[in-house]
Each structure stands twice: as structure tokens, then as C-alpha cells.
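# A structural walkthrough
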Amino acid sequence: RKAFEEILFRKSDHFTAHYYIGMSFFYEGQYRAAVPHLRVVLNYPTIQVFEEPQWAAAQSYLELDRITRAKKILTQIVQKKGMHAKQAQELLKNL
């Protein structure tokens, strides 16, 4: 992760660096640290958003009790009918 942090120091909008840092923080359970990086990935203007960072962002928001943001992303996942669609649907039912 350190190498990607150095990249961001030089180029703050580097998509790949944000992606890997955000996912790294997510898998370490550091949701508050993951969210800003995942948000950059989700809002990146020229790249089709991958489902994995969407899923990680939704779960991070749930862990941080930011339910409204989580619901928005979970709904997008369900609409895309990707690999996490069923899980997202179940989470939405329980919120």
C-alpha cells in the first residue's frame, strides 16, 4: 500500500492507487480509511465502476452506520445484476 500512497502524493487523482488503497483498507477492516478512496473510485469520470469496490464501499458504509449511502450503492449493485446482486438484495431487505 505504501507504494500507492507515494503515487497519490504525486498525483492525487490516480485511479489505480485509490482502488488498491481503498480495497486494502477495506480488507483490513479499516472502513473509515477505505471510504474516501472507494468514493474516488466510484466517482471516477472515465472508468466503468467495478462491482468489487462498490460492494466494499456499501459494506464500509454499513459498518459506519451510514445506511442511506449504503442503500444507494446496494441498489446500484442489484440493478446491475452482478455477482453480489443477491447479497445486496438481502441486505436491502434487512435495512
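Here, the structure is the one placed above.
Heads up: these notes are all about the structure in this document. (Residues numbered from 1 in each chain as written. Predicted model: local features only at pLDDT ≥ 70, side-chain atom pairs only at ≥ 80, totals over all residues. Heavy atoms only, no water.)

## A word on a positive patch on the surface
- Judged by side-chain charge, R32, R39, R66, R69 and K72 come together as a positively charged surface patch.
- Looking at the positive patch, the elements with two or more residues in it are α3 (31–42) and α5 (67–80).
- Mapped onto the elements, R66 comes out in the loop between α4 (51–63) and α5.
- Its relative accessible area of 32% is what places R66 among the partly exposed residues. (Patch = residues over 30% accessible without salt bridge, like charges linked within 9 Å, V, L, I, M, F, W, Y side chains within 5 Å. Areas by Shrake-Rupley, 256 points an atom, 1.4 Å probe, with all protein chains shown as cover. Salt bridge = Lys/Arg side-chain N within 4 Å of Asp/Glu carboxyl O. Lys, Arg positive; Asp, Glu negative; His and termini not counted. Charge placed at Lys NZ, Arg CZ, Asp CG, Glu CD. Helix = DSSP H or I, 4+ residues; strand = E, 2+ residues; numbered from the N terminus. Buried < 20%, exposed > 50% of the residue type's maximum accessible area, 1.4 Å probe, protein only.)

## Observations concerning α5
- Here α5 contains 14 residues, and its C-alpha end-to-end distance of 20 Å stays within 8% of the 20 Å for a straight helix at 1.5 Å per residue.
- Inspection of α5 places A70, I73, L74, I77 and V78 among the buried residues, and these make up the whole buried set. Projected onto a plane normal to the axis of α5, the buried residues spread over an arc of 145 degrees and lie on a single side. Summarising the geometry of α5, the exposed residues directed more than 90 degrees from the buried face are T68, K72 and Q79.
- On its buried side, α5 packs onto α3, α4 and α6 (85–94).
- Directly beyond the C-terminal end of α5, a positive phi value near 55 degrees is found at K81. (Expected span 1.5 Å × (residues − 1). Arc of directions from axis to C-beta. Contact = heavy atoms within 4.5 Å.)

## Re the environment of A17
- Considering the arrangement of structural elements, one finds A17 in helix α2 (residues 15–27).
- Spatially, the C-alpha atoms of A17 and L91 are 29 Å apart, while their sequence positions differ by 74 residues.
- Residue contacts for A17: discarding those within four places in its chain leaves F4, I7 and L8.

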